[in-house]
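Given next are the chains, with one letter for each unit.
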Amino acid sequence: MRSDLMKSGLEKAPHRSLFKAMGYTDEELQRPLIGIVNSANEIIPGHIHLDRIAEAVKAGVRMAGGTPVEFPVIGVCDGIAMNHEGMKYSLASRELIADSVELMAKAHPFDGLVLIPNCDKIIPGMLMAALRLNIPSIVVSGGPMLAGRLGSQPVDLISVFEAVGSVRAGKMDRETLKELEDEACPGCGSCAGMFTANSMNCLAEALGLALPGNGTIPAVHAARIRLAKYAGMRIVELVRKGIYPRDIVVKEAFENAIAVDMALGCSTNTVLHVPAIAHEAGISIDLNIFNDISRKTPHLCSLRPGGPHFLEDLHRAGGIPAVMKVLADAGLVNRDLPTVSGKTVGEIVDAAAVRDSEVIRPVERAYHAEGGIAVLYGNLAPEGAVVKQSAVAPEMMKRTGRARVFDSEQEAAKAILDGVIQPGEVVVIRYEGPKGGPGMQEMLSPTAAIVGRGLDKDVALITDGRFSGGTRGAAIGHVSPEAAAGGTIALVKDGDEILIDIPGKRLELLVDEGTLEKRRMEWTPPPPRITSGYLARYAAMVTSGARGAVLELRGQL
Ligand SMILES: CC(C)(O)[C@@H](O)C(=O)O
Ligand SMILES: [Mg+2]
C-alpha cells in the first residue's frame, strides 16, 4: 500500500508510535489509510455543515474496511468576499487549496482521498489536486442550499444583490430589502441557483469523480448523508482495485462535462476552472472547445439566474444523470467512460429518467439551440472573452455601444448605482485581470446593479475580470490579453464604439488601427497594486484567463 511508506516495517516504528499517540490501533493501521479532506468552516454557508458530511464519509470508510484520517483545507465565501478587496483573494485561493491537498497527501502518503468541497473555488482546487496527485479519489460535495421564500416568491442570494440596485433606483423600499436579506438564504448549502458552486459540483459528477446525485441532492436532505457514506465505501474499493483519477477523467470526460455545462447554462467560471483542472492531468482544453461543443449542445435547463428553476428543482427532475440521458440519447456525450461509482456513464444514464420535462427539456424543446456559454474573439479579445449567452436578453445579443471606462470594479459599481451610466453605453472595467487585479475579481455588484436598475436590456459590461455565476445580462468577461499585460482593453477610451456580436462570436473595438497603434505607443503598464504577501507572488506567476489562470514558473526553475 502507498501508506506503507509511513506505517510498515522496522524503521517505521517511530511513525506507528505517533499514530498510537492519536489512538490508532494496530488493526486500523493495517487497513488502507484514507485522507478525508474536509473544508468545513464557519464563514461559508455551503461549508458550515461539512463536519456532518465528513463523519458520514468516515462511517462509510470504516464499513468498507478502511481507516479514515481527516485534515482541513481553507475556503473563501465569494458572496462575503464580494465588492471589496476580499474578492481579489477568491480565485487565488483555488491554487492554495490545490497546493495544500497536494502537500498533505505527499507528506503523508494516504492510499486514497475523499475530497469534501462545496463552494466556488474549493471544488476546482480539490479536483486540480486529485488530478495532480493521481491517487484514488472521490469528491463528495456539501450540496445546494434550498431556495428562500419572500411570500410565495422563491428567492436566493442573487435576488438580494439585485435588490440593492432596485433600492438605489427607488424601485424597492428598505423594509422589503431587509425581509429579503433575512429570507433569501434559508440555511446551509451552496447558494441555490446554478451559480459557480453548483455548476462545479454538477461538473464533478459529469466528470465521473463524484457519485450520481452529488451535484443536486439538497444539503439538508438525508440522501446527502447516505451519498457520503457510499462515497466512503467506494473509495476503499477504488484503492483495492487501483483505480486512479486519470483513468476516469480523460479528455472525453472533459467533453462530457462541457456538454453538461452547456445544457445546464452554468457559470462562466467553468471556462476558467475546467481548463485548469485539465491542465493538472496534462490535457489541453482551449476556449475553442467551448464554442465547438456549445454550437451542437442545446440549452436544456433554465436555472437561476437566467431562468426560474433552482437546484432542488433540477434534483427533483432527475438531476445530472437525467440531463446526461437526454444528451446521450442525442449522441452528445461519451457513454463508454468509467466513473468512481463503478458504473459507466452509459449504465448511469440508462438507469436515469427525466421526471419533469419543463425543468429538463427534451432536445426538440430546448430553451436555446446553442449551449449556455459563448466565447467571443476580435481585436478587443484576440485570445478570447466569455459570456453566458443563455442569460442575455435577445435585444442585447448584437449591439454597438459607447464605452464608459473604469480602472476598477468598485468605481464602476458606484457609477452604475449612482445612475451615471446611460442606456446604450458599454461599461468597460479593466486592470481587474488575473495579474492586474490581481486576482481577477468577480463583477457581481456592477452586473447586479445593472439588472437592479432595470438596465440589463440597455447596458453591456466588458471586463478582463470575471463574473459570478449569479451574473446575468450582456456581461462579457475574461477579456484576454488583460490590460495589465498590454491587451487592447488597456487602450479603450470613453466614447469609443464597441461592437458586441454574440451570435457572430465577435468583440471589436471600432477604432482604426492607426489610432490604436498610437495609443499602444503611449501606453505604459501601471505599477502593481499589491507588492507583498501571497497575492504579489500569485500575480508574478498567474497566466491568462484564456488558459484558466493557472500558475506557471516562468523561467524561475
Ligand atoms: C456569490 C456566488 C453566487 O457564489 C458567486 O461568487 C458565484 O460565482 O456564483
Ligand atoms: Mg464565485
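Basis of the calculations
Residues numbered from 1 in each chain as written. Chains lettered and ligands numbered in written order. Predicted model: local features only at pLDDT ≥ 70, side-chain atom pairs only at ≥ 80, totals over all residues. Heavy atoms only, no water. UniProt positions renumbered as here; feature names shortened; annotations may be inferred. Helix = DSSP H or I, 4+ residues; strand = E, 2+ residues; numbered from the N terminus. Contact = heavy atoms within 4.5 Å. Polar contact = N/O pair within 3.5 Å; in protein donor to acceptor, adjacent residues only side chain to side chain. Donors = N, O, S within 2.8 Å, 3.2 Å for Na, K, Ca; no water. Tetrahedral: all angles 85-135°; square planar, octahedral: opposite > 155°, others 65-115°. Buried < 20%, exposed > 50% of the residue type's maximum accessible area, 1.4 Å probe, protein only. Near = heavy atom within 4 Å. Areas by Shrake-Rupley, 256 points an atom, 1.4 Å probe, with all protein chains shown as cover. Nonpolar A, V, L, I, M, F, W, Y, C, P; charged D, E, K, R; others polar. Domains from an automatic or database assignment. Salt bridge = Lys/Arg side-chain N within 4 Å of Asp/Glu carboxyl O. Buried area = accessible area lost by both parts, 1.4 Å probe. 1 Å grid on protein atoms, 1.4 Å probe; cavity = no way out; pocket = protein on both sides within 12 Å on 5 of 7 lines; lining within 4 Å. Points joined across faces, edges and corners; volume = space filled by probe spheres on them. Phe/Tyr/Trp six-rings, centres within 6.5 Å; stacked < 30°, edge-to-face > 60°. Pairing = 2+ DSSP bridges. Right-handed = clockwise from strand over helix to strand, strands pointing away.

An unreviewed UniProt entry lists the protein under the name Dihydroxy-acid dehydratase, with Thermodesulforhabdus norvegica as the source organism. What the UniProt record of the protein gives under Subunit (unreviewed entry) is the line "Homodimer." Its UniProt record gives the protein the following Sequence similarities (unreviewed entry) comment, quoted word for word: "Belongs to the IlvD/Edd family."

## Considering the UniProt feature "modified residue: N6-carboxylysine" (unreviewed entry) in the protein
Using the residue numbers shown here, the UniProt feature "modified residue: N6-carboxylysine" (unreviewed entry) corresponds to Lys-121. For Lys-121, the location among the structural elements is in the loop between β3 (112–116) and α6 (122–133). Those residues in contact with Lys-121 that lie beyond four places of it in its chain are Asp-78, Ser-90, Leu-91, Ser-93, Arg-94, Ile-97, His-273, Glu-442 and Arg-466. Among the polar contacts made by the side chain of Lys-121, one reaches the side chain of Asp-78 at a distance of 2.6 Å.

## Quick look at the side chain of Thr-297
Its location among the elements puts Thr-297 in the loop between α14 (287–296) and α15 (311–316). Look past the residues within four positions of Thr-297 in its chain and what remains in contact with it is Ala-259, Met-262, Ala-263, Leu-327, Leu-332, Ala-369, Glu-370 and Gly-371.

## A closer look at the coordination of the magnesium ion (ligand 2)
At 2.0 to 2.7 Å from the magnesium ion (ligand 2) lie its protein donor atoms, namely Asp-78 (OD), Asp-120 (OD), Glu-442 (OE) and Glu-442 (OE). One can describe the donor arrangement at the magnesium ion (ligand 2) as irregular, given that its 6 donor atoms subtend angles of 51 to 178 degrees at the metal. Sequence spacing among the residues donating to the magnesium ion (ligand 2) works out to D-x41-D-x321-E. One end of the pair, Asp-78, is in helix α4 (residues 78–81); the other, Glu-442, is in the loop between β10 (425–429) and α19 (444–452), with 364 residues separating them in the sequence. Here the two residues Asp-78 and Glu-442 agree in accessibility, since each one is buried.

## A closer look at the site of ligand 1
As a structural note, the neighbourhood of ligand 1 is formed by Asp-78, Gly-79, Met-82, Asp-120, Leu-157, Phe-195, Thr-196, Asn-269, Glu-442, Ser-468, Gly-469 and Gly-470. One nitrogen or oxygen atom from the main chain of Gly-469 is found 2.9 Å from an oxygen atom belonging to ligand 1. For ligand 1, the protein covers 96% of the area, taking 270 Å² as the surface of the free molecule. The class makeup of the residues in the shell around ligand 1 is 3 nonpolar, 6 polar and 3 charged. Counting residues domain by domain, the shell around ligand 1 receives three or more from each of domain 1 (31–147 + 186–351) and domain 3 (376–547).

## Comments concerning the pattern of salt bridges
All chains considered together, the criterion is met by 36 salt bridges. For Glu-70, the salt bridge identified is with Lys-58, shortest N-O distance 2.8 Å. Of the two residues, Glu-70 is situated in strand β2 (residues 67–72) and Lys-58 in helix α3 (residues 50–63); the sequence distance between them amounts to 12 residues. Across the pair Lys-457 and Asp-456 runs a salt bridge whose closest N-O atoms are separated by 4.0 Å. In the salt-bridge network here, residues are joined through shared partners; they are Asp-78, Asp-120, Lys-121, Glu-442 and Arg-466.

## Things to note about the environment of Pro-481
Assignment of secondary structure puts Pro-481 in the loop between β12 (475–480) and β13 (497–501). Judged by its relative accessible area of 22%, Pro-481 falls in the partly exposed class. Put simply, Pro-481 and Pro-382 are 99 residues apart on the chain and 7.1 Å apart in space, counted from C-alpha to C-alpha.

## Considering the domain arrangement of the protein
For interface size, the figure often reported is the accessible area lost on association. Split into domains, the protein comes out as domain 1 (31–147 + 186–351), domain 2 (149–184) and domain 3 (376–547). Facing 10 residues of domain 1, the contacting portion of domain 2 comprises 10 residues. Buried area between domain 1 and domain 2, summed over both chains or domains, comes out near 760 Å², and the portion from carbon and sulfur atoms is 63%. On the domain 1 side of the interface with domain 2, the three residues burying the most area are Ala-147, Arg-304 and Phe-310, jointly 43% of the side's total. Applying the counting rule to domain 1 against domain 2 returns 1 salt bridge. If you look at where domain 1 meets domain 2, you find 2 residue pairs in polar contact (both at pLDDT 80 or more). Tallied by class, residues from the side of domain 1 that touches domain 2 come to 7 nonpolar, 2 polar and 1 charged.

## A short note on empty space enclosed by the protein
This structure, assessed with the given rule, holds 3 cavities of 30 Å³ or more. In this structure, the largest cavity occupies an estimated 90 Å³ of space. As for the largest cavity, its lining consists of Glu-205, Ala-206, Gly-208, Ala-210, Pro-212, Ile-320, Pro-321, Met-324, Thr-339, Val-345, Ile-348 and Val-349. Listing elements by their share of the lining of the largest cavity, those giving two or more residues are α9 (196–207), α16 (319–329) and α17 (345–350). Among the residues making up the lining of the largest cavity, the classes are represented as 9 nonpolar, 2 polar and 1 charged.

## What about the packing of aromatic side chains?
Using the criterion set out here, one finds 3 aromatic pairs in the structure. Ring centres of Phe-19 and Tyr-24 lie 5.4 Å apart, and the angle between their planes is 80 degrees; on these two criteria the pair is classed as edge-to-face. The exposure classification of Phe-19 matches that of Tyr-24, with both residues buried. Between Phe-71 and Phe-110, the ring centres sit 5.6 Å apart and the planes meet at 15 degrees, which makes this aromatic pair stacked. Here Phe-71, found in strand β2, pairs with Phe-110, found in the loop between α5 (90–107) and β3; they are 39 residues apart in sequence, far enough to count as distant. Each member of the pair, Phe-71 as well as Phe-110, is classed as buried.

## Some details on the environment of Tyr-377
Take Tyr-377: it is sitting in strand β7 (residues 374–378). For the pair Tyr-377 and Cys-119, spaced 258 residues apart in the sequence, the C-alpha separation amounts to 30 Å. Not counting the four nearest positions on each side in its chain, Tyr-377 is found in contact with Leu-287, Asn-288, Asn-291, Pro-382, Glu-383, Gly-384, Lys-505, Arg-506, Leu-507 and Glu-508.

## As for the UniProt feature "binding site: Mg(2+)" (unreviewed entry) in the protein
Residues annotated in UniProt with the feature "binding site: Mg(2+)" (unreviewed entry) correspond here to Asp-78, Asp-120, Lys-121 and Glu-442. Over a stretch of 365 residues, the named residues converge on one spot in the fold, their C-alpha atoms separated by at most 12.1 Å. Judged by its relative accessible area of 1%, Glu-442 is buried. Beyond its immediate stretch of four places on either side in the chain, Glu-442 contacts Asp-78, Met-82, Met-87, Asp-120, Lys-121, Thr-196, Asn-269, Glu-409, Arg-466, Phe-467 and Ser-468. Of note is the side chain of Glu-442, whose polar atom sits 3.4 Å from the side chain of Lys-121.

## Quick notes on the pairing of β10
Burial of β10 is extensive: 5 of the 5 residues sit out of reach of the surface. On β10, burial covers both faces: Glu-425, Val-427 and Ile-429 on one face and Val-426 and Val-428 on the other are all buried. Bridging between strand β9 (residues 398–406) and β10 involves 5 bridges; their strand directions are parallel. By the bridge assignment, Ala-403 is partnered in β10 with Val-426. Bridge analysis of β10 against strand β11 (residues 460–463) gives 4 bridges, and the strand direction is parallel. Within β11, the residue paired with Val-428 across the bridge is Ile-462. The parallel pair β10 and β11, bridged by α19, forms a crossover whose chirality is right-handed.

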